[in-house]
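Overview (structure and organization)
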Amino acid sequence: MLLEMKDASVNYGKVSAIRNISMSVPEGSVVTIIGANGAGKSTTLRALSGLASLRSGEISFNGKRIDKLAAHRIVGEGIAHVPEGRRIFPDLTVEENLRTGAFLRKDKKGIEADLESCFDHFPRLKERRRQLAKTMSGGEQQMLAIGRALMAKPKLLLMDEPSMGLAPIIVEEIARIIETINAQGITVILVEQNAELALGLATYAYVLETGNLALEGPADELHDNDHVRAAYLGV
Amino acid sequence: MGELLAQTALNALYAASYLSLVAVGLVLIFGVMGVINFAHGELFMLGAYGVVVFYADLQLSFFFAIAIGLVFVGLVGLGMERALFRPLRDNPLGGLVASIGFLMVLQALAAMGFGVRMEHVPPVTQQVISFSDKVHLAVPRLYVIIAAVVLLTALWAFLKKTQFGWALRASAQDPEAAALQGISINQTSRIAMFIGAGLAGVAGALTAPMVSVNPHMGHSVIVAAFIVIIVGGVGSLEGAVVAAVAYSLVHTFVTTFYDGVIADIVGLSLMLVVLIVKPTGLFGTADRA
Ligand SMILES: Nc1ncnc2c1ncn2[C@@H]1O[C@H](COP(=O)(O)OP(=O)(O)OP(=O)(O)O)[C@@H](O)[C@H]1O
Ligand SMILES: [Mg+2]
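Here the structure is a predicted model, which means the values were calculated and not measured.

All names here are of chain A. Every one of the 13 residues lining ligand 1 counts as a neighbour, but G38, K41, S42, T43 and E84 are closest to it. Note that an oxygen atom of ligand 1 is positioned 3.2 Å from one of the backbone N or O atoms of A39. At 2.7 Å from an oxygen atom of ligand 1 is found a side-chain nitrogen or oxygen belonging to S42. Calculation on ligand 1 without its partners gives an accessible area of 630 Å², and the protein chains cover 60% of this total. For the shell around ligand 1, the leading source of residues is helix 1 (residues 41-49), giving three residues.

What follows is the structure in structure tokens.
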């Protein structure tokens, strides 16, 4: 397993956000976490990337415990997080945003090469490379957030609702981008409220309900599950 | 009249120079750490005492005394980051209160060490550049102007052209997203605090020969610097520089043609007008204010 989360619980103050969540993510897979508003999806990703600390439980990545590491160290282990709401740096240019993604890397040539390949993936970022990030459209900002995360050369990419607030045609584009990323060997954990999209992309899925793990299984099986169909697919 | 205007403009340029150095540091610290450093005027004061000790008393070179001021006050800034602001990171009000406490400690230490008398620092040079019979610029004032231009340009280049500069701006804009890129907030806070404190120290050191150095000298500087960063838009470095120039022009002209108290009132009124017309300041965005 590339990533294992065991019995993880996170609190915000006295309020419990997730309880005893266990997940296993095999290398090369796309795993999705679906759930309603406030179910604890973002909290789970935040625990993985070190933004939230565990109250109990453990996380190991590549066989190494990472649950005590600060967020800025976890990136160095190979986990990049595209946070909810994109969180690009508004007053940095597009190119500067991308380069911050490579902050910990020392291989200058590799960084330049990855910047070029990022511009190949996202031609619109190239056109706007000198523009301030805040002047871009929502879809472009989402692509920038993804590009920035890829600049860290991660083994595992955490994506928190990349389709949020985007037009259907852009959502399609994001879906294709996720497939491309995965085809390059990067493991993906995808959090989505758009369960149709997520179950279509993923091989395995977890369903969170009010902080608890309610269901898990291969994505196609969950897609046919009556409860999932009624609660998340609206059929 | 034209000569008086020209002379006053030169005086304003001088005032704008040291005020920019102080205000930009204050903005940098606020931007990266989200804390208002009330002790910033006392860092300015420490820089001035550095010149009293190393230049006036120990008779070392003036520029050496300034370099020591930069490094020593920068280190005091690092100490403040570690001891005050880091433990209080999630508590901006706590950081502000701690800095007020520290301001008093620094004033008391200065008074214990040097007494409350005014220290007079011998002039670095008596040279004066004369543009005409009535328009002069004393060379020590020129040093302040040059230092401000050089240091602010260097800071600008650091922020725009280097990787740590991006990191600093990124963590000022979104500390959590910056952490996700591997940027340590402790590290960017240290850099911001060292630079911000060092700039205040240099400003105090450079102006020491032209003012009376005393434990309370930070007060008037910090008031002006606060007006400047509010007018410029809290969080905007460019805004701080522009507002420092604007404020110094207004303040110096009013002082020259009316008097200093009216100049203070005009300065404060200007701040109020800006706050009413554009609450985020001239260059500010609503993000962090
Ligand atoms: N900073 C916070 N402080 C206090 N409670 C929080 C905080 N962030 C989240 N919570 C609470 O924790 C629970 C889980 O929130 P989380 O953001 O993980 O849900 P989510 O599944 O990502 O929801 P959404 O789909 O709306 O993004 C919710 O009850 C939420 O109110
Ligand atoms: Mg969420």
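With that out of the way, let us pick up the packing of aromatic side chains. All told, the structure shown has ten aromatic pairs over all chains when counted by the stated rule. Considering the side-chain rings of F253 of chain B and F257 of chain B, the 6.1 Å spacing of their centres and the 10° angle between planes classify their relative orientation as stacked. Of the two residues, F253 of chain B and F257 of chain B are both situated in helix 10 (residues 237-257); the distance of four residues between them amounts to about one turn of the helix. By relative accessible area, which is 23% here, F253 of chain B ends up partly exposed. Among the aromatic residues, those joined into a ring-pair cluster are Y55, F62, F63 and Y143 of chain B. In this structure, R148 of chain A packs its charged tip against the face of F89 of chain A, placed 4.8 Å from the ring centre.

Residue and element names in this part refer to chain B. In this structure, V73 sits in helix 3 (residues 62-85). The exposure class assigned to V73 is buried, which follows from its relative accessible area of 0%. Those residues in contact with V73 that lie beyond four places of it in its chain are L43, L46, G47, I68, A197 and G201.

Right, let's talk about a nonpolar patch on the surface for a bit. Residues M1, L4, L5, F257, Y258 and I262 of chain B make up a contiguous nonpolar surface patch of about 610 Å² in total accessible area. The residue L5 of chain B is located in helix 1 (residues 2-33) in this model.

Attention now goes to the domain arrangement of chain A. Residue and element names in this part refer to chain A. Partitioning chain A into structural domains gives domain 1 (1-78 + 158-173 + 186-235) and domain 2 (84-153). Between the C-alpha centres of domain 1 and domain 2 the distance comes to 24 Å. Each side of the interface is counted separately: domain 1 has 13 residues, and domain 2 has twelve residues. For the pair domain 1 and domain 2, the two sides together bury roughly 940 Å², of which 62% comes from carbon and sulfur. Linking domain 1 with domain 2 are one salt bridge, by the criterion used here. R124 serves as the salt-bridge partner of E173, at 3.0 Å between the closest nitrogen and oxygen. Linking domain 1 with domain 2 are three residue pairs in polar contact (both at pLDDT 80 or more). For the side of domain 1 that touches domain 2, the element with the most residues is helix 2 (residues 71-77), which contributes three residues. Considered class by class, the residues forming the side of domain 1 that touches domain 2 number seven nonpolar, three polar and three charged.

Reading guide: rules and limits
- Along every chain, residues carry numbers that run from 1 in the direction the sequence is written.
- Labels are handed out in written order, letters beginning with A for the chains and numbers beginning with 1 for the ligands.
- Two thresholds apply to this predicted model, a pLDDT of at least 70 for residue-level local features and 80 or more for giving and counting side-chain atom pairs, whereas whole-chain, interface and lining totals are computed over all residues.
- Remark: hydrogens and water are excluded; side-chain values derive from all non-hydrogen atoms of the structure.
- Proximity criterion: a residue is near a molecule or strand once any of its heavy atoms comes within 4 Å of it.
- Between N or O atoms, a polar contact is any pair within 3.5 Å; within protein, one atom must be a potential hydrogen donor and the other a potential acceptor, and residues adjacent in sequence are included only when both atoms are from side chains.
- All accessible-area figures derive from a Shrake-Rupley calculation using a 1.4 Å probe, and residue coverage is judged against the displayed protein chains alone.
- Strands are runs of DSSP state E lasting at least two residues, helices are runs of H or I lasting at least four, and both sets are numbered from the N terminus onward.
- Between rings of Phe, Tyr and Trp, where Trp is taken as its six-membered ring, a pair exists when centres lie within 6.5 Å; planes separated by under 30 degrees are stacked, by over 60 edge-to-face, and by other angles tilted.
- Here's how the labels work: a residue is buried when its accessible area is under 20% of the maximum for its type, exposed when over 50%, partly exposed in between, all with a 1.4 Å probe on protein chains only.
- A ring has a charge above it when a Lys NZ or an Arg CZ is no more than 6 Å from the ring centre and no more than 35 degrees off the ring normal.
- Contacts are residue-level and defined by heavy atoms, with any inter-residue pair within 4.5 Å sufficient.
- What makes a patch is a set of residues exposed beyond 30% relative accessible area and free of salt bridges, joined within 9 Å when like-charged and within 5 Å when nonpolar (Val, Leu, Ile, Met, Phe, Trp, Tyr).
- Put simply, a salt bridge is a Lys or Arg side-chain nitrogen that is within 4 Å of an Asp or Glu carboxyl oxygen.
- How far each domain reaches was decided by an automatic or database domain assignment.
- Using a 1.4 Å probe, buried area is obtained as the accessible area two parts lose upon being combined, added over both of them.
- Under the grouping applied here, Gly and all other residues not named as nonpolar or charged are polar, the nonpolar ones being Ala, Val, Leu, Ile, Met, Phe, Trp, Tyr, Cys and Pro and the charged ones Asp, Glu, Lys and Arg.

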